[in-house]
Amino acid sequence: MSIDANIVEGRNQPTDRKFAQYVRIAINSANELEAHLIMARDIGAMKAGDYARLREQLIQVRKMLHGLANRLLNLPKSSEPAAD
C-alpha cells in the first residue's frame, strides 16, 4: 500500500523533479516490502515458492519505478510548469 500511496501523493507535485522524489520513496517502500517478504519466508509464514513468485513481481515493479524516476529526471525543463 505504501508504494502506490507514494506514487499518488507524488503525482500532485508541482514539478517532475518533485514527483521523482516520491517515486524514489516508493522504491524505498519496495525495498522495505522485500525485507518483509524475506522475514515471512524465514520464519515460515510463507512458502518458499510463494516468496520466489512475489519477489519476482516486486523486482519488476522496482524496475518500472526506476524507469519512471529516470524518465522524470531526464525530461526537458520545458515540461515543468513555470515557477511563480
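Because the structure is predicted, anything quoted here is derived from the model rather than measured. (Residues numbered from 1 in each chain as written. Predicted model: local features only at pLDDT ≥ 70, side-chain atom pairs only at ≥ 80, totals over all residues. Heavy atoms only, no water.)

Asker: Quick question: what am I supposed to make of the nonpolar core here?
Answerer: Generally speaking, a soluble globular protein has its nonpolar side chains buried in company with each other. By size, the foremost hydrophobic cluster in this structure holds 15 residues, and its most contacted members are I3, V23, L37, M46, L58, L65 and L72. Secondary structure elements with two or more residues in this core: α2 (16–42) and α3 (48–74). Once residues within four sequence positions are removed from consideration, L65 is found in contact with I3, I7, V23, A26 and I27. (Core = buried A, V, L, I, M, F, W, Y, C linked by side-chain atoms within 4.5 Å. Buried < 20%, exposed > 50% of the residue type's maximum accessible area, 1.4 Å probe, protein only. Helix = DSSP H or I, 4+ residues; strand = E, 2+ residues; numbered from the N terminus. Contact = heavy atoms within 4.5 Å.)

Asker: Explanation requested: the packing of helix α1 (residues 2–11) against α2 in the structure shown.
Answerer: Each pair of packed helices can be described by the angle between their axes along with the distance between the axes. Close contact between α1 and α2 brings their axes to 8 Å; oriented N to C, the two are set at 175°. Taken together, α1 and α2 sit at an angle that is classed as roughly antiparallel. Residues S2, I3, N6, I7, E9, G10 and R11 of α1 form the contact with α2, whose own contacting residues are F19, Y22, I25, A26, S29, A30 and L33. Across the contact of α1 with α2, the residue classes break down as eight nonpolar, four polar and two charged. (Axes fitted to C-alpha atoms, helices over the stretch in contact; angles between N-to-C directions. Parallel < 35°, antiparallel > 145°, perpendicular 65-115°, else oblique. Nonpolar A, V, L, I, M, F, W, Y, C, P; charged D, E, K, R; others polar.)

Asker: Just to check I follow, could you spell out the environment of M46 for this structure?
Answerer: As for its position among the elements, M46 is in the loop between α2 and α3. Each C-alpha atom, one on M46 and one on I59, is 18 Å from the other, the two residues being 13 residues apart in sequence. Filtering out sequence-adjacent residues up to four positions away, M46 remains in contact with L37, A40, R41, Y51 and L54.

Asker: Looking at this model, I keep getting lost on the pattern of salt bridges. Mind explaining?
Answerer: Note on pairing: side chains with opposite charge can pair once their charged atoms come close. Within this structure, the stated rule accounts for four salt bridges. The partner of D42 in a salt bridge is R41, and the shortest N-O contact between them spans 2.9 Å. Across the salt bridge formed by D50 and R53, the nearest N and O atoms sit 3.8 Å from each other. With a gap of three residues between them, D50 and R53 both fall in helix α3, about one helical turn apart. Its relative accessible area of 44% is what places R53 among the partly exposed residues. Connected through shared salt-bridge partners, E34, R55 and R62 make up one network. (Salt bridge = Lys/Arg side-chain N within 4 Å of Asp/Glu carboxyl O.)

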